[in-house]
Amino acid sequence: MIEPSRDLSDICAVVGAGNSRLGRVPGVSSLDLLVEAMRNAIADSGLKISDIDGIICRGPDDSYCHHQRVGERLGINNRFGTTLDNGGASQIMSVALATMAIKAGLATTVICGYGRDAWSRTHVTEEARVRNETRPSSQRPQEFGPEYGYFGAVAAHAFGATRHMHLYGTTRDHFGHVAVAFREHALRNPDAQMKKPLTLAQYHEAQPIVAPFGLFDCSLRSDAAGAVIVTSKERARDLKQPPVSIKGFGTHNNTTGWFNNDNMIVTAAKQSGETAYKMAGIGPDDVDTAQLYDCFTYMVVAQLEDYGFAKKGEGGPFAASGALRMGGRLPTNTSGGQLSESHAEGMLQVVEGVRQMRHTYPAERQVKDAEIALVSGHGGNQVCHSTLILGRA
Amino acid sequence: MSKPKPVPRPAPESAPYWEAAKQHKFEIPHCNACGHYWFPPSASCPQCLSTDFAFTPVSGKGKVYSFVTFHRVYHPAFEQEVPYVVALVELEEGPRLLTNIVGVPVEQVTCEMPVKVVFDDVGDGVSVPKFTPA
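Some points on the overall build of chain A
So, step 1. Across its full length, chain A carries 14 helices and 11 strands.
So, step 2. The globule rule puts the C-alpha radius of gyration for 393 residues at 21 Å, and the 19 Å found for chain A is close to it.
So, step 3. Projected onto the principal axes, the alpha-carbon positions of chain A cover approximately 50 × 45 × 40 Å.
So, step 4. Looking at chain A residue by residue over its 393 residues, the buried ones come to 62%.
So, step 5. Residue pairs at least 24 apart in sequence account for 76% of intrachain contacts in chain A once pairs closer than 6 positions are excluded.
So, step 6. When the accessible surface of chain A is summed, it comes to about 14300 Å², and 49% of that surface belongs to carbon and sulfur atoms.

In structure tokens:
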């Protein structure tokens, strides 16, 4: 295995973090939601807008050179800017690329973010609600899927869940514990989209969507955005917030395909995580809180295993043990995650990882004495992955 | 009359697969250089990158690698079909492909179930390969 450069560990920090209004935010484009989150991140950091000389973001599926439109709205030029395209793994890649750009002297202070209008887009008209499509039609498969009634990300991930259940005896009950724990966390987060408690019984009673997944296995349709600001450790020292160190990152893409090899069982989180651990010089036992890309409950179970928090096949019992809850072995998705807070394709997981490392939350939301947070991003056609390891500076 | 199901709109690389299916023949790309079978079709072998390949008849036998059961109607043409199974079948020759499992109640489909290809003539000369318990 190629060794990641430890020279990138602990040289940059996240100094600002923000989110937009979350959930149902009609009348705002995804672009303006993103800028709302960026304004909040800038205010949070205490930086002046003129201090920012880099913009890295991922555009919505139908936008071209999105970062240029973001810069226009922020009223700034930038020394380093681009729009990334690696699905839900893009958001951590933005932070990784910002660190590399700063190390290379191409920028000093980079704003990263992502926003989407998935709730509004699927509810703007009755027709849109029925079609329930977030992607433009040009990106949908034309063969080897629709003729069989195969549509959407729920089914794609459900294939992994079925196979995992077959191989390891994982159960719907295990998945339910993931959903219930994250809902508990969301109830302590005033910004969260979901406001009502969820019991394991309610999880089991919910309508099936694409079995083995029912309603509460699936993440939310959200209007949501998040943003963070990355700068050098030196610059970070005198700013408003306690700086949060970028200790390591990694990526991996199983581009041989979700349906090939054992990619739906051992996900790209495994190699992505190994890279990030090596860059940070830590291992899974050092992680105090995880913010995992929870598009579906099964993906949490798979990642718990791939990141080494549980052995392969034991992620379900690990979740059912209460490990993911506040006070558990590994409090996970402490803002409620994409299952219960809001779905901004992994960006809000980065924001929450940063906030946990600041130790500025009230006790009920703070993972006690947490020194290390692991954040993950996953997506595209289920095969791309990225990992970010944050620490107290 | 319910809305018609989507018909496959083949990419140039997969047109021969659908042409064979019309004749109820099951043929997938087979590399003449390294012997690899692959699916879905593409213009070079994903194992050795050779462009010397041919659509070759295969057994049409395999087993269910994994499957899901659609309860939600994602397309109006499938309103009368739910619940229906979409499966990933691993062919004896190696490649996996998406399909429907037919001729068996949905609750009886399992991983590793042996299956074989059948052809569903959907009209306009189009035939869609599906699988049924072997």
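Overview of the environment of W38 of chain B
All names here are of chain B.
So, step 1. Among the secondary structure elements, W38 is positioned in the loop between β1 (27-31) and β2 (53-57).
So, step 2. Exposure remark for W38: the relative accessible area of 3% places this residue in the buried category.
So, step 3. Each C-alpha atom of the pair W38 and G94 lies 7.6 Å from the other, and the pair is 56 residues apart in sequence.
So, step 4. When near neighbours in sequence (up to four residues on either side) are disregarded, W38 contacts I28, P29, H30, C31, S44, C45, P46, F53 and P95.
So, step 5. Among the polar contacts listed, one links the side chain of W38 to the side chain of S42, at a separation of 3.1 Å.

Describing the domain arrangement of chain B
All names here are of chain B.
So, step 1. Annotation of chain B at the domain level lists domain 1 (11-58) and domain 2 (59-134).
So, step 2. For domain 1 versus domain 2, the distance between C-alpha centres works out to 20 Å.
So, step 3. At the boundary of domain 1 with domain 2, total buried surface from both sides reaches about 1100 Å², with 75% on carbon and sulfur atoms.
So, step 4. A per-residue breakdown of the area domain 1 buries against domain 2 is headed by H24, F26 and V58, which together make up 46% of the total.
So, step 5. In this structure, the connection of domain 1 to domain 2 is made through 0 salt bridges.
So, step 6. The tally of links between domain 1 and domain 2 comes to 3 residue pairs in polar contact (both at pLDDT 80 or more).
So, step 7. It is helix α1 (residues 15-22) that contributes the most residues to the side of domain 1 that touches domain 2, 4 residues altogether.
So, step 8. Of the residues assigned to the side of domain 1 that touches domain 2, the class counts are 9 nonpolar, 1 polar and 2 charged.

Let's talk about the pairing of strand β5 (residues 208-211) of chain A
So, step 1. The pairing of β5 of chain A with strand β6 (residues 213-214) of chain A spans 2 bridges and is antiparallel. Residue V210 of chain A lies in a different strand from β6 of chain A, and its bridge partner there is F213 of chain A.
So, step 2. Counting the residues in the hairpin turn of β5 of chain A and β6 of chain A gives 1 residue.
So, step 3. In this structure, β5 of chain A lies alongside strand β3 (residues 61-70) of chain B, joined through 2 bridges in antiparallel fashion.

Brief notes about the interface of chain A and chain B
So, step 1. At the interface, 28 residues of chain A touch 36 residues of chain B.
So, step 2. Buried surface at the junction of chain A and chain B, summed over both partners, amounts to about 2900 Å²; 60% is from carbon and sulfur atoms.
So, step 3. For the pair chain A and chain B, the number of links is 1 salt bridge.
So, step 4. For the salt bridge of E112 of chain B with R163 of chain A, the shortest nitrogen-to-oxygen distance reads 2.8 Å.
So, step 5. Our enumeration of links across chain A and chain B arrives at 18 residue pairs in polar contact (both at pLDDT 80 or more).
So, step 6. Going through the elements one at a time, α6 (152-168) and β5 of chain A are the ones with two or more residues in the side of chain A that touches chain B.

Digging into the packing of α6 of chain A against helix α11 (residues 297-306) of chain A
Residues and elements named next belong to chain A.
So, step 1. Contact pair α6 / α11: the axes reach a minimum separation of 9 Å and the direction vectors enclose 60°. Judged by the angle between their axes, α6 and α11 are oblique. Of the two elements, α6 crosses α11, and the hand of that crossing is left-handed. Residues H157, G160, A161 and H164 of α6 form the contact with α11, whose participating residues are Y298, M299, V301 and E305.
So, step 2. Here the residues of the contact of α6 with α11 sort into 4 nonpolar, 3 polar and 1 charged.

Re the environment of C112 of chain A
Residues and elements named next belong to chain A.
So, step 1. In this structure, C112 sits in strand β4 (residues 109-117).
So, step 2. Between the C-alpha atoms of C112 and R58, which are 54 residues apart in sequence, the distance is 8.6 Å.
So, step 3. Filtering out sequence-adjacent residues up to four positions away, C112 remains in contact with M38, I56, S94, V95, A98, G226, A227, V228, V230 and M347.

Some thoughts on helix α14 (residues 347-358) of chain A
All names here are of chain A.
So, step 1. Taking 1.5 Å per residue as the helical rise, α14 with its 12 residues ought to reach 16 Å, and the 17 Å between its terminal C-alpha atoms agrees with that figure.
So, step 2. With 12 of its 12 residues buried, α14 lies for the most part within the structure.
So, step 3. By the burial criterion, the buried members of α14 are M347, L348, Q349, V350, V351, E352, G353, V354, R355, Q356, M357 and R358.
So, step 4. Trailing α14 by a residue or two, H359 shows a phi angle of about 60°, which is positive.

Scoring rules and cut-offs
- Residues numbered from 1 in each chain as written.
- Chains lettered and ligands numbered in written order.
- Predicted model: local features only at pLDDT ≥ 70, side-chain atom pairs only at ≥ 80, totals over all residues.
- Heavy atoms only, no water.
- Helix = DSSP H or I, 4+ residues; strand = E, 2+ residues; numbered from the N terminus.
- Rg over C-alpha atoms; globule rule 2.2 N^0.38 Å.
- Buried < 20%, exposed > 50% of the residue type's maximum accessible area, 1.4 Å probe, protein only.
- Contact = heavy atoms within 4.5 Å.
- Areas by Shrake-Rupley, 256 points an atom, 1.4 Å probe, with all protein chains shown as cover.
- Polar contact = N/O pair within 3.5 Å; in protein donor to acceptor, adjacent residues only side chain to side chain.
- Domains from an automatic or database assignment.
- Buried area = accessible area lost by both parts, 1.4 Å probe.
- Salt bridge = Lys/Arg side-chain N within 4 Å of Asp/Glu carboxyl O.
- Nonpolar A, V, L, I, M, F, W, Y, C, P; charged D, E, K, R; others polar.
- Pairing = 2+ DSSP bridges.
- Axes fitted to C-alpha atoms, helices over the stretch in contact; angles between N-to-C directions.
- Parallel < 35°, antiparallel > 145°, perpendicular 65-115°, else oblique.
- Left-handed = near helix turned anticlockwise from the far one by under 90°.
- Expected span 1.5 Å × (residues − 1).

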